[in-house]
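# Topology and contacts: notes
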Amino acid sequence: PLPPAQPHPRPPTNPGLLQPAQAKGFFLTLAYHPPLLRAALMHRAEGRSVIPLADKVPAIKWKALQTRLATEKEAREWFQSTRSRQLAMVLGQISGSLWVMGADGPAAVDWRERNAPPTTVYTRPRRGRHAYYRMPAGVEVRNGTNVIPEIKLGAHGDQIDVRGEGGYAVIP
C-alpha cells in the first residue's frame, strides 16, 4: 500500500515557490520554502553569515555568528515560519570580507557617487543607496555613522554610514 498524501500546512500562492524535494517511492513530494528561508539558505551556501532581524534589530544573540556560519538547522528555525522577519548579512571576514557604505539622503547619495569607488552591487533603501565592497587584503573596515562630516545633516537626515567587521546589513 502507498503512504497517504500529506496536506501542505499553507498552500503557496506562487507556484514558482514550489521546489522539488526528494522522491519517495513512486511519489515526488514538494516542499514549500518561504522566500526569506530560500534567501538565507542561498547566502549561507555561498559562505555568508546570516541572521534574523525584527524591526532592523537582531532577533537572536548573534555575536558568535561574527566568526561562524549559522547551521542549516538554525537558519531553518529562524526563517521557516511565516512571521514577518528581516534577513541580514553579518559583514566582515565571515562573509567574504564584505562591507557596506550606506548613503542616506540626496546629499549623501551625491557624495558617494562622486567620491566612492564604483560598484555594481548595491541596494536602494527608501532614503538612499547602500553600496557593497570587498575589503582589500590586510585592511579591516569597522562600523561608523556620519563618517563624512562635510555632509550637512539636512531635512533628509543625509549621512554616510559604514558597516564592516562586527556589523550587519539588511538584505532586501
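Residues numbered from 1 in each chain as written. Predicted model: local features only at pLDDT ≥ 70, side-chain atom pairs only at ≥ 80, totals over all residues. Heavy atoms only, no water.

## Considering the sheet that holds strand 10 (residues 168–171)
Pairing between the strands of a sheet comes from backbone hydrogen bonds, and it takes one of two forms, parallel or antiparallel. For clarity, the cut-off: By the convention used here, strands pair only if DSSP detects at least 2 bridges between them. Helical segments are the DSSP runs of H or I of at least four residues, strand segments are the runs of E of at least two, and each set is numbered from the N terminus. Here a residue-residue contact requires only that any non-hydrogen atoms of the pair lie within 4.5 Å. A fitted line through C-alpha atoms represents every axis, and for helices the fit uses only the stretch in contact; the resulting angles, taken between N-to-C directions, go from 0 to 180 degrees.
The antiparallel open sheet is built from 4 strands, whose spatial order is 4-3-5-10. This sheet does not close on itself; its edge strands, each paired only once, are strand 4 (57–58) and strand 10. Here 4 bridges tie strand 3 (residues 50–54) to strand 5 (residues 86–90), and the two strands are oriented antiparallel to one another. Of the residues in strand 5, the one forming a bridge with P52 is L87. The strands that helix 1 (residues 35–45) touches are strand 3, strand 5 and strand 10; relative to strand 5, the one it contacts most, it runs at about 10 degrees. Lying on the sheet, helix 2 (residues 72–79) is in contact with strand 3 and strand 5; it crosses strand 3 at an angle near 20 degrees.

## Considerations on the sheet that holds strand 8 (residues 128–134)
Within the open sheet, the 4 strands sit side by side as 7-8-6-9. Their pairing is antiparallel. Two strands lie at the open edges of the sheet, namely strand 7 (122–123) and strand 9 (159–163), each paired on one side alone. Judged from the 5 bridges that link them, strand 6 (residues 98–104) and strand 9 form a sheet pairing that is antiparallel. The residue bridging D104 from the neighbouring strand is Q159, located in strand 9.

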